[in-house]
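Observations on chain architecture
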Amino acid sequence: MIERIGSKNEVRAAVAEARREGRRIGFVPTMGALHEGHLALVRAACARTDFVAVSVFVNPTQFAPGEDFDDYPRQIDKDAELLAAEGVELLFTPTADVMYGDGPEVTVDPGHLAKRWEGEIRPGHFTGVATVVAKLLNTLRPDLAFFGEKDYQQLQIVRRMVQDLDLGVGIVGVPIVREPDGLALSSRNVRLSAADRIAGLGLSAALTAAEQALAWGETEASALEAVMREAAEKTSGDALVLDYAAIADAATLDPLARVTTEARALVAGRVGSTRLIDNCALVAPEAEVHP
Ligand code: AMP
């Protein structure tokens, strides 16, 4: 049975009771409109903990004016059913009023990791994300919290925040779930027309091209980025407007000149009015790391 709770005090009480029973608490924060990507996080949580809580909260503070907060897909009853079927016991669905009251006046500065990529294109986004994640972690106090690699920059920021603010929660990253054709699952995909959806494939095509070029020995970031742009253009033409196609250090997210350590290929763009992001790990072939 899944219990749907809107109040922080009731959530704290439900988690405290599970803890009294000696159960390890797993937590998956989401904005709802759940798909198989979210469910992969839920399944990872069910595998590693004994009591799983999920939040569904479309957080207004991480949307800039003019972004898609009002149009963001919402389907809470269906979400509750999907979660119940996975064995989730607690669904936290606060309103913005419950979450923030008259705040937030005090927020989390996500620092250097938030400066580039999504942070540059969406000013204030990661302050909103870090603040709401800190609040949710403090409310639920889980043993483990699960985040998708789909939002790789977010995952790194959350890891760093937990470390720097001593939040005492284990952060688990979960690999990206994709459609069979490569498109990364996203709640926003429901808004894509058939043509948009095909154009969206330019993102995963760019990542695959970078992986292939690296496997063939190309380690220069500028060359890999050119390969990514070409592949996106070839797949999607003008229908995909790239915001960035970049090779970054997997930990610091600083741009790399060359892939020598573990790197991440990051790509983002717009298809019509819908923004899509994607990324993948890039590991240099051994021979190229130590020539
Ligand atoms: P959202 O509801 O978009 O805020 O996402 C909630 C969590 O699900 C975040 O940790 C996301 O990174 C994760 N997530 C979303 N899409 C995917 C996906 N395709 N694969 C893996 N994780 C995902």
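Residues numbered from 1 in each chain as written. Predicted model: local features only at pLDDT ≥ 70, side-chain atom pairs only at ≥ 80, totals over all residues. Heavy atoms only, no water.

1. Comments concerning the overall build of the chain
- A tally of regular secondary structure across the chain gives 10 helices and nine strands.
- The C-alpha atoms of the chain give 19 Å as radius of gyration, which agrees with the globular expectation for 291 residues (19 Å, within 12%).
- With the principal axes as the frame, the chain shows a C-alpha extent of 55 × 45 × 40 Å.
- By the burial criterion, 51% of the 291 residues in the chain qualify as buried.
- Across the chain, the fraction of contacts at a sequence separation of at least 24, relative to all contacts at a separation of at least 6, is 72%.
- As displayed, the chain offers around 13500 Å² of accessible surface, 51% of which is attributable to carbon and sulfur atoms.
- Here the chain carries 29 positive and 43 negative side-chain charges, and the mean point of each set is 3 Å from the other. (Helix = DSSP H or I, 4+ residues; strand = E, 2+ residues; numbered from the N terminus. Rg over C-alpha atoms; globule rule 2.2 N^0.38 Å. Buried < 20%, exposed > 50% of the residue type's maximum accessible area, 1.4 Å probe, protein only. Contact = heavy atoms within 4.5 Å. Areas by Shrake-Rupley, 256 points an atom, 1.4 Å probe, with all protein chains shown as cover. Lys, Arg positive; Asp, Glu negative; His and termini not counted. Charge placed at Lys NZ, Arg CZ, Asp CG, Glu CD.)

2. Comments concerning the confidence of the model for the chain
- Per-residue pLDDT for the chain has a mean of 96; in total, 98% of the residues score no lower than 70.
- Here helix H10 (residues 286-289) stands out as the element of the chain with the lowest mean pLDDT, 53, in contrast to strand E5 (residues 144-148), whose mean of 99 is the highest. (pLDDT = per-residue confidence, 0-100.)

3. Some thoughts on unusual backbone geometry
- The amide bond that connects Gly103 to the next residue, Pro104, takes the cis arrangement and shows omega of 0 degrees.
- By the secondary structure assignment, Pro104 is in the loop between helix H4 (96-100) and helix H5 (118-121).
- Backbone geometry at Arg141 places phi at a positive 45 degrees, although glycine is not the residue there.
- Considering the arrangement of structural elements, one finds Arg141 in the loop between helix H6 (125-140) and E5.
- Take Arg141: its relative accessible area is 53%, and that puts it in the exposed class.
- Non-glycine residue Asp166 carries a positive phi angle of around 50 degrees.
- Note on Asp166: relative accessible area 65%, which makes it exposed.

4. With respect to the site of the ligand
- Around the ligand sit 17 residues in total, of which Met31, His38, Gly148, Asp151 and Leu185 are the nearest.
- In this structure, an oxygen atom belonging to the ligand sits 2.9 Å away from a main-chain N or O atom of Met31.
- In isolation the ligand exposes 480 Å². Once the protein is present, 93% of that is buried.
- When residues of the shell around the ligand are traced back to their parent elements, those giving at least two are strand E2 (25-30), helix H2 (36-48) and E5.
- Broken down by element, the shell around the ligand gets its largest block of residues, three residues, from H2.
- Classifying every residue of the shell around the ligand by side-chain character gives nine nonpolar, six polar and two charged. (Near = heavy atom within 4 Å. Polar contact = N/O pair within 3.5 Å; in protein donor to acceptor, adjacent residues only side chain to side chain. Nonpolar A, V, L, I, M, F, W, Y, C, P; charged D, E, K, R; others polar.)

5. Quick look at the sheet that holds strand E1 (residues 3-5)
- In space, the six strands of this open sheet follow the order E1-E4-E3-E2-E5-E6, with parallel pairing throughout. Each edge of the open sheet carries a strand with a single partner, namely E1 and strand E6 (170-174). Neighbour-to-neighbour, the strand axes of the sheet open up by a mean angle of 25 degrees, direction not taken into account.
- When strand E3 (residues 51-56) meets strand E4 (residues 90-92), the two strands line up parallel, connected through three bridges. (Pairing = 2+ DSSP bridges. Axes fitted to C-alpha atoms, helices over the stretch in contact; angles between N-to-C directions.)

6. Let's talk about the sheet that holds strand E7 (residues 240-249)
- One open sheet accounts for three strands, arranged E7-E8-E9; its pairing is antiparallel. What marks the edges here is a single partner per strand, and that holds for E7 and strand E9 (274-282). Each neighbouring strand pair of the sheet contributes to a mean axis angle of 15 degrees, computed without reference to strand direction.
- As paired strands, strand E8 (residues 263-271) and E9 are joined by nine bridges and run antiparallel to one another.

7. Brief notes about the pattern of salt bridges
- This structure, assessed with the given rule, holds 18 salt bridges.
- For Asp77, the salt bridge goes to Arg4, with nearest N and O atoms at 3.0 Å. Of this pair, Asp77 sits in helix H3 (residues 76-86) while Arg4 sits in strand E1, and the two are 73 residues apart along the sequence.
- One salt bridge connects Glu149 with Arg264, and the closest N-O pair in it is separated by 3.3 Å. Here Glu149, found in the loop between E5 and helix H7 (152-164), pairs with Arg264, found in strand E8; they are 115 residues apart in sequence, far enough to count as distant.
- Given a relative accessible area of 21%, Glu149 falls into the partly exposed group.
- Note on Arg264: relative accessible area 5%, which makes it buried.
- Beyond isolated ion pairs, a larger network of salt bridges with shared partners links Glu118, Asp243, Arg270 and Arg275. (Salt bridge = Lys/Arg side-chain N within 4 Å of Asp/Glu carboxyl O.)

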